[in-house]
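Commentary on secondary and tertiary structure
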Amino acid sequence: EVGRVFVLSGSEVVGRRVCEDTAGVFGQRLLDAQGSARIADDDLTLTVANLPADTAGYFLPSNGTGVLSFPGASSGVLCIHDPGGMGRHYDSLQSTDVGGWFHFRVDLSRIPTPTGLTSVLPGETRYWQLWHRLGASSRFSTAVAVTFQ
């Protein structure tokens, strides 16, 4: 649902959504970041809701944004296309629960990039988006941007 924020109990929404306007057009699910933008707290969880149960996917991190429609054989929009490349949180590979939820706690000292793992630094803005299977194809969630302190 466009505009609806799903908050884990005891958490606070951080960051801002990116590409939210594509959600209604391409059926993208909404991604939220919850916890804290303070690096010292090391408390950031990515959450996507309303997917079919047992949907496989993982999160993509990036240092920038750029819109790429229908990348590869995927449906929808990749909102975090960065000329420097994107990482893949292969450790976030999972399937949704019976309620259609993905939750992934991000380790801010181990953000994947095309050249290896990096740590988040104060003042940096990082972006995430979920890639997930959808039948014989795949799709993306909306994206989220978090500027860290």
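If you're wondering where the values come from, they're calculated on a predicted model, not measured in any experiment. (Residues numbered from 1 in each chain as written. Predicted model: local features only at pLDDT ≥ 70, side-chain atom pairs only at ≥ 80, totals over all residues. Heavy atoms only, no water.)

1. So, the nonpolar core
Counting 20 residues, the largest nonpolar core has Leu44, Leu46, Phe59, Val106, Trp128 and Val146 as its most contacted members. Put simply, the parts of the chain that give this core at least two residues each are strand S3 (31-35), strand S4 (44-48), strand S9 (102-106), strand S12 (125-134) and strand S13 (137-147). The contacts of leucine 46, once residues within four sequence positions are left out, are Leu31, Asp32, Ala33, Phe59, Phe102, His103, Phe104, Val106, Trp128 and Val144. Formed by 14 residues, the second largest nonpolar core is a distinct cluster that contains Leu60, Tyr127, Phe140 and Ala145. (Core = buried A, V, L, I, M, F, W, Y, C linked by side-chain atoms within 4.5 Å. Buried < 20%, exposed > 50% of the residue type's maximum accessible area, 1.4 Å probe, protein only. Helix = DSSP H or I, 4+ residues; strand = E, 2+ residues; numbered from the N terminus. Contact = heavy atoms within 4.5 Å.)

2. Topic: the sheet that holds S12
Taken in spatial order, the 5 strands of this open sheet run S2-S13-S12-S5-S8, and their pairing is antiparallel. Two strands lie at the open edges of the sheet, namely strand S2 (16-18) and strand S8 (89-95), each paired on one side alone. Pairwise comparison of adjacent strand axes, ignoring direction, gives a mean angle of 25° for this sheet. (Pairing = 2+ DSSP bridges. Axes fitted to C-alpha atoms, helices over the stretch in contact; angles between N-to-C directions.)

3. Observations concerning the environment of valine 146
Along the chain, valine 146 falls in strand S13. Residue valine 146 is classed as buried on the basis of its relative accessible area of 1%. For the pair valine 146 and arginine 17, spaced 129 residues apart in sequence, the C-alpha separation works out to 9.0 Å.

4. Points about the packing of aromatic side chains
Under the definition given, this model contains 5 aromatic pairs. Seen from their ring centres, tyrosine 58 and tryptophan 131 are 5.3 Å apart, and the 40° between their planes marks the pair as tilted. Separated by 73 residues along the polypeptide, tyrosine 58 in strand S5 (residues 56-62) and tryptophan 131 in strand S12 bring together distant segments of the chain. For tyrosine 58, a relative accessible area of 15% puts it in the buried group. Taken together, a centroid distance of 5.9 Å and an interplanar angle of 20° make the contact between phenylalanine 59 and phenylalanine 104 stacked. With phenylalanine 59 in strand S5 and phenylalanine 104 in strand S9, this residue pair connects regions lying 45 residues apart in the sequence. Of the two residues examined, phenylalanine 59 and phenylalanine 104, each falls in the buried class. Linked through ring pairs, Tyr58, Tyr90 and Trp131 together constitute an aromatic cluster. (Phe/Tyr/Trp six-rings, centres within 6.5 Å; stacked < 30°, edge-to-face > 60°.)

Treat this as a map of the structure, not an account of what it does.
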